[in-house]
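Here is how the chains run, residue by residue.
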Number of protein chains: 2
Amino acid sequence: MFTTAKVASLFACLLFALAPLPADEVPQYTASGELKFPGQYREWVYLTSGFDMSYSVSMKMNNAHRFDNVFVNPEAYKSFVKTGTWPDHTMLVLEVRDAQGKGSINQTGNYQGERVAVEVHVKDEARFPGNWAFFGFEPGETAARTAKMKPPSADCYSCHAAHAAVDTTFVQFYPTLLPIATAKGTLAASYLQEMAAPK
Amino acid sequence: MFTTAKVASLFACLLFALAPLPADEVPQYTASGELKFPGQYREWVYLTSGFDMSYSVSMKMNNAHRFDNVFVNPEAYKSFVKTGTWPDHTMLVLEVRDAQGKGSINQTGNYQGERVAVEVHVKDEARFPGNWAFFGFEPGETAARTAKMKPPSADCYSCHAAHAAVDTTFVQFYPTLLPIATAKGTLAASYLQEMAAPK
């Protein structure tokens, strides 16, 4: 009833089904603690894009425009949909691309061109004192394949802690996730206070 | 050596591994030929976003801004990466969202708000005379769950046929796919001529 070949194929299948997540989908580090570039992030789950977004009114773009696209590793996404917050080993990737204007048949508005930077926000509770850390990869298509952690004194940490909607992440800008966090009651108290304050 | 439980679990695993694609990842139609809404498209592969893009110089946006996000079913994406063109049963989803300006800590530029429309471009060689068809779903979060095919006389067909980079699709605006199509030699002759023409 079970030939050797059939048994072998069933075992191969079982191994496949039980295989751990692709290495790429959990944070990987060098011996010195640099984050390895998550090379498959474009196949992860997309969360949103911004256009020329800035948290400073004084930012001058001149005529250069920028898109930023946000992706998350699929396991973290699935967990967020169930719970309204991020599990350990979440990786949020912010990809910055320059914006093209007129080109091909496009006459007005902007479409996406070259990648100019990649930043990754990583949750790794055993590794980072505040659970999360930021890593910035070099600009361009020839990005460095590893990046140093930004020091905890960098502005990104204090800004995310003060203003982010969920667990130091800007879920307020992720239109499909904000309703989930709202329904699950996982919005940060600091965010709710900020939203309720008179403008 | 093989208990009943073990054999059952191996079979369950085999069935899982051999299961067809999720129904959502191939086009599904009603008896009358309407396309069913591909409800999981936000978990598909993201291709790009545009901001206020228009193929007409006379388009007036007033103060309303729009993002459009493009997604493709994962099997079609994998095939494109290998071949530089789209397989049968490709579904490209164009999601239109309104653009928010100042909000939360964002001071300038735009982030994504409510979904206002969804259009789907479907390749189904056995069903459509030109291989591809367009379907438009009603605007809003309460989108209709089925949509009629746009008639072949609609402008979208002739415009895509005349100007698209690959197989009537606007790969020229998908920054990670255009280099693949270029390398694989799958760019349409009409697109190459248009790009080579004096401006």
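Just so it is clear, the structure is predicted and the values come from calculations on it, not from any experiment.

Here is what the cut-offs are and how they apply
Residues numbered from 1 in each chain as written. Chains lettered and ligands numbered in written order. Predicted model: local features only at pLDDT ≥ 70, side-chain atom pairs only at ≥ 80, totals over all residues. Helix = DSSP H or I, 4+ residues; strand = E, 2+ residues; numbered from the N terminus. Buried ≥ 20, exposed ≤ 12 C-beta atoms within 10 Å, placed from the backbone. Contact = placed C-beta atoms within 7 Å. Arc of directions from axis to C-beta. Core = buried A, V, L, I, M, F, W, Y, C linked by C-beta atoms within 7 Å. Pairing = 2+ DSSP bridges. pLDDT = per-residue confidence, 0-100.

J.: Before we move on, can you summarise the overall build of chain A with the specific residues and values?
T.: Counting its regular elements, chain A contains five helices and seven strands. From first element to last, N terminus to C terminus, chain A shows the α and β order α-β-β-β-α-β-β-β-β-α-α-α. Taken across its 199 residues, chain A has 34% of its residues classed as buried. Within chain A, contacts between residues separated by at least 24 positions form 50% of all contacts whose residues are at least 6 apart in sequence.

J.: Explain helix α2 (residues 74–83) of chain B to me, and be specific about the residues and the numbers.
T.: All names here are of chain B. The complete set of buried residues in α2 reads A76, Y77 and F80. In a view along the axis of α2, the buried residues occupy a sector of 100 degrees, so they form one face of it. Against β2 (45–54), β3 (66–72), β4 (91–100) and α4 (178–184) lie the buried residues of α2. Of the residues trailing α2, G84 is marked for its positive phi of about 80 degrees.

J.: How would you explain the environment of P87 of chain B if you had to name every residue and give the values?
T.: All names here are of chain B. Examined against the element boundaries, P87 turns out to sit in the loop between α2 and β4. Judged by the 16 C-beta atoms lying within 10 Å of it, P87 falls in the partly exposed class. Not counting chain neighbours up to four residues away, the residues in contact with P87 comprise A76 and S79.

J.: Could you give me a rundown of the nonpolar core, with the residues and numbers involved?
T.: F71, V72 and A165 of chain A together with F71, V72 and A165 of chain B are the most contacted members of the largest nonpolar core, which has 84 residues in total. Ignoring any residue separated from it by four or fewer positions in sequence, one finds F71 of chain B in contact with Y41, R42, W44, V45, Y46, L47, V93 and E95 of chain B.

J.: Run through the pairing of β2 of chain B, naming residues and quoting values.
T.: Here β2 of chain B lies mainly inside the structure; eight of its ten residues are buried. Here strand β5 (residues 108–123) of chain A runs beside β2 of chain B; their pairing, made up of two bridges, is antiparallel. Bridge pairing in β2 of chain B links T108 of chain A to S54 of chain B. Here β2 of chain B pairs with β3 of chain B via six bridges, running antiparallel.

J.: Go over the environment of W86 of chain A with me, naming the residues and quoting the values.
T.: Residue and element names in this part refer to chain A. Mapped onto the elements, W86 comes out in the loop between α2 (74–83) and β4 (91–100). Once the C-alpha coordinates of W86 and S153 are considered, the two residues, 67 residues apart in sequence, prove to be 23 Å apart. With near-sequence residues (within four places) excluded, W86 lies in contact with A76, F80, K123, D167 and T169.

J.: Please give an account of the pairing of β5 of chain A that cites residues and values.
T.: In terms of strand pairing, β4 of chain A meets β5 of chain A through nine bridges, oriented antiparallel. Directly across from A99 of chain A, in β5 of chain A, lies its bridge partner Q112 of chain A.

J.: Describe the confidence of the model for chain A, listing the residues and the values that go with them.
T.: All names here are of chain A. With 81% of its residues at a pLDDT of 70 or more, chain A has an overall mean of 87. Taken as a whole, residues 7–18 scores under 50 in pLDDT and shows twelve contacts with residues more than four places along the chain or in a different chain. Both confidence scores are given for the complex: pTM 0.87, ipTM 0.86.

J.: Just give me the short version of the environment of P129 of chain B, but keep the residues and values in it.
T.: Counting through the fold element by element, P129 of chain B comes out in the loop between β5 (108–123) and β6 (132–137). Spatially, the C-alpha atom of P129 of chain B lies 22 Å from that of Y191 of chain B, the residues being 62 residues apart in sequence.

J.: I'd love a proper account of unusual backbone geometry, names of residues and values included.
T.: Peptide bonds are mostly trans, and most non-glycine residues show a negative phi. Residues and elements named next belong to chain B. If you check the backbone angles, S104 has positive phi at about 50 degrees while not being a glycine. Take S104: it is sitting in the loop between β4 and β5. Owing to 17 C-beta atoms within 10 Å, S104 belongs among the partly exposed residues under this scheme. The phi dihedral of N131 is positive, around 75 degrees, even though this residue is not glycine. For N131, the location among the structural elements is in the loop between β5 and β6.

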